[in-house]
Each structure stands twice: as C-alpha cells, then as structure tokens.
Amino acid sequence: MAEDFITSPSTDLDLILIGKSGNGKSSTGNSILRQANVFEPSYNMDSGTKIPQFEWSEFEGRTLQVVDSPGVMDTCEDEAEGITLVHEALQNAMLANPKGYHAFLVVLRFATRFTQEEQKTVKILKGILGENFLKDYGIIVMANGETFEQNCRKDKTLNLETFCADQRGPFKHILEECNNRIVVFSNLTQDENVKYRQVQQLIDMVDKLGNDGRRYTNEHFKRADEFYQHLLVSTSIPLLNKQVLKEQSLIMQAIIASEILPEQSEKIDSLENILPRLENLIKRLREKDRGTDKLKDFIANANNTKKLVNAGLELYKNTGSQQLTAHTLSTLNRQATQIECETKNLHKNMKKTFFEKVGVYVKKFGYFIIDSANILATVLMNYT
C-alpha cells in the first residue's frame, strides 16, 4: 500500500537554511544531508531565482528534509526589491512544504564579524517571518568550523560555551533570542565521525526546541505579514522623503505664486488646479503606507496643505461680495489659525526633516490667509 512508503510524521524533520550567501549556507545543507554537491553555492537572487532547493536524507531512522533558500539581499541594489524577492522565496518555501518547518537554521560564518549587513539580514528575516521566529524556531549554525577547531587547539580554554559567553553587542542579542542554540559545522572535513557528530548535535537541538514537534507553518507566515508591510514601508521612506519633498515644494511654490496673480479669477483657477495634485499625493501616500501609519506625518502635512488651499479658495470666491459676513470672516480666521497651529505642532513633534523646508511655505501661506481675512474685514466694515 502507498501508506507503507510514507514516513511517520513523528520521525520527520523539516529544516530550512536562511541567511546571506557566502556564509556557507549551501555547503552546510550538503553537510546535514551528508551528500556532496546537492546544493550549489553559486545560486543566488541575482539570477532571478526565487525557488528554494530541497533534498531528503535518512539519519538514524529519521527522514530529514533540508531546504536551501535563496540568500538574503544577494547582489540586489534596490533594498525594497531585494526584500520583496526574499519574501517571495520564503513564501515559495512555505508553499512547497505545507506541513511547515521544525527549525530555521540561520547560517553565519565563524571568524567573520557580525557586521551591520549581518544585522540587517536578521532584521529583514524577522520582518518577513515574524518578530519571534528566532525565539521559537531559530538555531544558529556557525559554518567555517575548521577555523573554530584550529582556534580551540591553540587556546585550550576556548570552546563553544566560552565563545558564546565572550560575545558582546548585536550578536550576543541574537544568541539570547535563540536561547544560545548554536552549533558549529565543519563543511570541509573528511572525518566521518565529525560529520556524524555535528548532524547529531543539530538534531538534538531541534528536538529540544520545546515546541512539542510543532512546526512553523504557512499560518505563521501569513500572520507575520504585518511585520513585512512595516518593513517594506520603512525601507521605502528614505527614497520617499525626496519624492515627497519635490512634490510638496512644487505645490507650495504654486500656492505662493497664486498670491501675485492680478485677477481674482486667476487666483481661483490656480488653486483649483493645485487641489488634484494634492489629492493625488495624499492617495499615493496612503497606498505606500499599507495601513502601517508609518507615513502618517507625511499624510497629515499634505492634508494640512489641502486645508490651506480650500481656505484660500473660499476667501477668494467670496472677496468683494457682501456674502462674506462677519460669521464667514470669523470662520476663515479660526480655520487659518487652526491650520497654523496644527502645522506648528506637526513640526514640533518631528525631528529635523525636509518638512522644515516645506513648513516655510505652509506658514507663509497660512499667514497670508489670516492677513487677507483681516484686511478684508476692515474693508467691509468701512463699506458697510
């Protein structure tokens, strides 16, 4: 019967390798499988490959599946694009193995500094897989174990325990998140005892994760989507700063230019032409925000500018008409003052950003509305 060929779920172990290329990820996968050249170290995101490689082997009566995922941010110049590619690759890995994975093996390289780039790699993985994926399912695999063994022979006090105890900074935090779950792999060794021992240590560590055999499944991946959206928006903010600055500056210059137009009808036409640009800017910002609220200050600033334009339109459309009553003047005055206060508060709560530049225009136009309303009130009082 077909069932005879299906390995019992209790003996299956599904493991996925994650991390940067160049750290020995693919070679570590080959070592876990105890097979040569199953995974090719040269495959990376640069070729557009987003499909994980996978293979099975047996170890002490258990079936191991090892999945080698594409490297994080491999040779990708655009960070947001790189993150999207990693997300797609890991999504493919989840779909390819609906049962899920018992552990994520985060491959780092011994004798290589835990650089800002490595820190960014971990941040990206947490942004895609969820804040707690390391705590619940992560194991650090230190490749280049040959160098580690050489150092241990030179310094008799050095072992994995003392190595972990000596760590400081970001790498120490990663270790703590993993509850010091770390194994060393010598991927170049020809010693069969070493090959066997390091796989056995890894499997023992997976068994002691404390998850009662539970796996990281596609449901975990879907729930982590909120982290992913935040990550994408955060990554896009530096580029967005420049784009929004350009559009806001051009819009505010157009608003100021409308003040000096000779005819009232020209002023109205000018401001009415600006409104669609503002509405489009607000729409694009909301789309970019993805519901994360990370761009709320951008959106608030654009909305304040829209309020200023509408207040100016109301002022111009009623100028010269007795329809501009004392109540209307009072409302305009109050609205302009409120907008000015909102803008001040917005800038007060921000660190030094490009909004300071845009704020010069916002404040100037706000004062123009207040001054115009006051002058108009004086003229109308004399008129009546």
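Residues numbered from 1 in each chain as written. Predicted model: local features only at pLDDT ≥ 70, side-chain atom pairs only at ≥ 80, totals over all residues. Heavy atoms only, no water.

1. Remarks on the overall build of the protein
A tally of helices and strands in the protein yields 14 helices and six strands. Counting the 384 residues in the protein, one finds 48% classified as buried. Of all intrachain contacts in the protein linking residues separated by at least 6 positions in sequence, the fraction that spans at least 24 positions is 76%. Total accessible area on the protein stands at roughly 20,300 Å², and carbon and sulfur atoms take up 50% of it. (Helix = DSSP H or I, 4+ residues; strand = E, 2+ residues; numbered from the N terminus. Buried < 20%, exposed > 50% of the residue type's maximum accessible area, 1.4 Å probe, protein only. Contact = heavy atoms within 4.5 Å. Areas by Shrake-Rupley, 256 points an atom, 1.4 Å probe, with all protein chains shown as cover.)

2. Considering the pattern of salt bridges
Throughout the structure, instances matching the rule amount to ten salt bridges. In this structure, Lys306 and Glu279 form a salt bridge, with 3.8 Å as the shortest nitrogen-oxygen distance. Of the two residues, Lys306 is situated in helix α12 (residues 296–318) and Glu279 in helix α11 (residues 264–289); the sequence distance between them amounts to 27 residues. Judged by its relative accessible area of 25%, Lys306 is partly exposed. (Salt bridge = Lys/Arg side-chain N within 4 Å of Asp/Glu carboxyl O.)

3. Focus: helix α1 (residues 25–33)
Counting buried positions along α1 gives eight out of nine residues, so the element sits mostly inside the fold. Looking at the buried positions of α1, the neighbouring elements they touch are β1 (12–18), β2 (53–59), β3 (62–68), β4 (103–109), β5 (138–143) and α8 (192–207). Just downstream of α1 lies Arg34, where phi reads positive at about 55 degrees.

4. Notes on the sheet that holds β4
With respect to topology, six strands assemble into an open sheet ordered β2-β3-β1-β4-β5-β6, the strand pairing being mixed. Looking along the sheet, the strands with just one partner apiece sit at the ends: β2 and β6 (182–184). The average undirected angle you get between the axes of adjacent strands in this sheet is 25 degrees. Where β1 meets β3, six bridges bridge the pair, whose relative direction is parallel. Among the inter-strand pairings, Asp12 is bridged to a residue of β3, identified as Thr63. Each of β4, β5 and β6 touches helix α7 (residues 169–177); the most contacted strand, β5, lies at about 130 degrees to it. (Pairing = 2+ DSSP bridges. Axes fitted to C-alpha atoms, helices over the stretch in contact; angles between N-to-C directions.)

5. A closer look at the side chain of Asn30
On the secondary structure map, Asn30 appears in helix α1. Judged by its relative accessible area of 10%, Asn30 falls in the buried class. Excluding residues that lie within four positions of it along the chain, Asn30 makes contacts with Gln35, Asn37, Val38 and Phe39.

6. Some points on the pairing of β1
Most of β1 is tucked away: seven of the seven residues are buried. Because side chains alternate across β1, one face comprises the buried residues Asp12, Asp14, Ile16 and Ile18, and the other comprises Leu13, Leu15 and Leu17, equally buried.

7. A short note on the packing of α11 against α12
With their axes 9 Å apart at the nearest point, α11 and α12 run at an angle of 160 degrees to one another. One element, α11, and the other, α12, form an angle in the roughly antiparallel class. For the crossing formed where α11 meets α12, the hand is left-handed. Considered class by class, the residues forming the contact of α11 with α12 number 14 nonpolar, five polar and eight charged. (Parallel < 35°, antiparallel > 145°, perpendicular 65-115°, else oblique. Left-handed = near helix turned anticlockwise from the far one by under 90°. Nonpolar A, V, L, I, M, F, W, Y, C, P; charged D, E, K, R; others polar.)

8. Structural notes on the side chain of Thr121
Locating Thr121 in the fold gives a position in helix α3 (residues 116–129). You can call Thr121 buried: its relative accessible area is 6%. Those residues within four positions of Thr121 in sequence are excluded, and the remaining contacts are Gly19, Lys20 and Val72.

9. What to know about α7
Turning to α7, its buried residues number three or more, namely Phe171, Ile174 and Leu175. Along α7, the residues classed as buried sweep out an arc of 100 degrees about the axis, all on the same side. Downstream of α7 by a residue or two, Asn179 has a phi angle that is positive, lying close to 55 degrees. (Arc of directions from axis to C-beta.)

10. Thoughts on the nonpolar core
Nonpolar side chains tend to gather and get buried jointly when the protein is soluble and globular. Ranked by size, the top nonpolar core spans 39 residues in total, and within it Ile18, Leu90, Ile140, Met142, Phe163, Phe171 and Tyr216 carry the most contacts. Beyond its immediate chain neighbours, meaning those up to four positions away, Phe163 contacts Phe110, Met142, Phe148, Leu158, Phe171 and Ile182. Leu15, Phe59, Val183 and Val206 belong to the second-largest nonpolar core, a separate cluster that totals 23 residues. (Core = buried A, V, L, I, M, F, W, Y, C linked by side-chain atoms within 4.5 Å.)

11. A look at the pairing of β5
In terms of burial, β5 is a largely internal element, six of the six residues being buried. Note: β4 against β5, six bridges, orientation parallel. Paired with Val106 across the two strands is Ile140, which belongs to β5. Bridge count between β5 and β6: three bridges; the pairing is parallel. If you follow Met142 over to β6, its bridge partner there is Val184.

12. Focus: the confidence of the model for the protein
Of all residues in the protein, 71% attain a pLDDT of 70 or more, and the chain-wide mean is 76. Segment residues 321–325 is flagged for pLDDT under 50; beyond a separation of four residues in sequence, or across chains, it makes eight contacts in the model. (pLDDT = per-residue confidence, 0-100.)

13. Focus: the environment of Glu118
Assignment of secondary structure puts Glu118 in helix α3. Its relative accessible area of 7% is what places Glu118 among the buried residues. Along the sequence, Glu118 and Val72 sit 46 residues apart, while their C-alpha atoms lie 9.8 Å from each other. Glu118 has contacts with Lys20, Asn23, Leu108 and Arg113, leaving out every residue within four places of it along the chain.

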